[in-house]
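# Commentary on secondary and tertiary structure
What follows is the residue order along each chain.
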Amino acid sequence: TLPPFMFLKITASEPAAILNWGFVWRYESSTILIYLTAALIAHLLFRLGRMESGIFGLNVAYPNYGYMGIPLAILAFGDEAALPMALILFADTIVLLTLISCFVSGNDGGPVAAIKRISFTMIANPLVIAVLAGLLFSTSGLILPKIPQQFGTLLAGAAAPVALFALGATLFGQPVRAAAAEVSTISLLKLILHPLLVALFFLGLPGQDPLWVKVAILSSCLPVAANVFMLANHYGAYTGRTASAILMSTALASATVPVILYWLFHG
């Protein structure tokens, strides 16, 4: 249900409004900074290897856009929040793909092979496909026929509740066996430091639409994405602790996210 929702919201927008580069560089600067900081902490404090440090950083930098971010943003700020969420999803995929490939390269064919493997994994994400398709359709100037538009609207209406239900189904049965110190550090960096960095870039460097700023901060305060477990499992590294980090950060987010939402509405 989420892909048709994202596609319809993007195609209803002007291409110039979608490609907001000032928004992109602010958000992605915080993503790069939090990722590299987390990877350095993993290496120096927890003595993790290069690949494990990269996945540790991915845990901290990759929010749960699909199952939690998009439905929460829509419920909190309305349908207008879909556009900045789509831009974050698209830009973050490229940036995080590049960062993680630097850490897993050299294991099977070098960095080029790593980029190809991760590209296929992440581009196969239906949300990324929907964003790309929406961008291309929006720039083409075409108009979606009435029947597919009505069918897509019907599916899109179920996006928020179904996504929240899917989140619970994804977390069910995840083990909590990881080292408490590492999982707690991931949760602290993801839920507290990441949104603080994003707020610093956007509030310290004004010039963006207030709604987009709120969506950026909300996106950054979300727990670890389930896709990180998929990538960790793909490379056979840091899998159990990633699953634990997803579960713990999601549980803690039930307390931290409402606080940030209250601040966004009343701050």
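Since this is a predicted model, take the numbers as computed values, not measurements.

## Some thoughts on the packing of aromatic side chains
Enumeration according to the criterion identifies eight aromatic pairs in this entry. Taking 6.1 Å as the distance between ring centres and 65° as the angle between the ring planes, the aromatic pair formed by F56 and Y238 counts as edge-to-face. Here F56 is found in helix α4 (residues 50–61), whereas its partner Y238 is found in the loop between α13 (226–235) and α14 (239–266), with 182 residues between them in sequence. Here F56 falls in the buried class, since its relative accessible area comes to 0%. An aromatic cluster is built from F23, F202 and W212, whose rings are joined through pairwise contacts.

## Side note on the confidence of the model for the protein chain
Chain-level pLDDT for the protein chain is 84 on average; 86% of the residues reach the 70-or-more range. In the model of the protein chain, helix α10 (residues 159–171) stands out as the element of lowest mean pLDDT, 66, in contrast to helix α12 (residues 210–220), which has the highest, 96.

## Let's talk about the packing of α4 against α13
At a minimum axis distance of 10 Å, the contact between α4 and α13 shows a crossing angle of 170°. The angle between α4 and α13 falls in the class roughly antiparallel. Contacts between α4 and α13 involve M51, I55, L58 and N59 on the former and, on the latter, V228, L231, A232 and Y235. By residue class, the composition of the contact of α4 with α13 is seven nonpolar, one polar and no charged.

Rules of the game
- Residues numbered from 1 in each chain as written.
- Predicted model: local features only at pLDDT ≥ 70, side-chain atom pairs only at ≥ 80, totals over all residues.
- Heavy atoms only, no water.
- Phe/Tyr/Trp six-rings, centres within 6.5 Å; stacked < 30°, edge-to-face > 60°.
- Helix = DSSP H or I, 4+ residues; strand = E, 2+ residues; numbered from the N terminus.
- Buried < 20%, exposed > 50% of the residue type's maximum accessible area, 1.4 Å probe, protein only.
- pLDDT = per-residue confidence, 0-100.
- Axes fitted to C-alpha atoms, helices over the stretch in contact; angles between N-to-C directions.
- Parallel < 35°, antiparallel > 145°, perpendicular 65-115°, else oblique.
- Contact = heavy atoms within 4.5 Å.
- Nonpolar A, V, L, I, M, F, W, Y, C, P; charged D, E, K, R; others polar.

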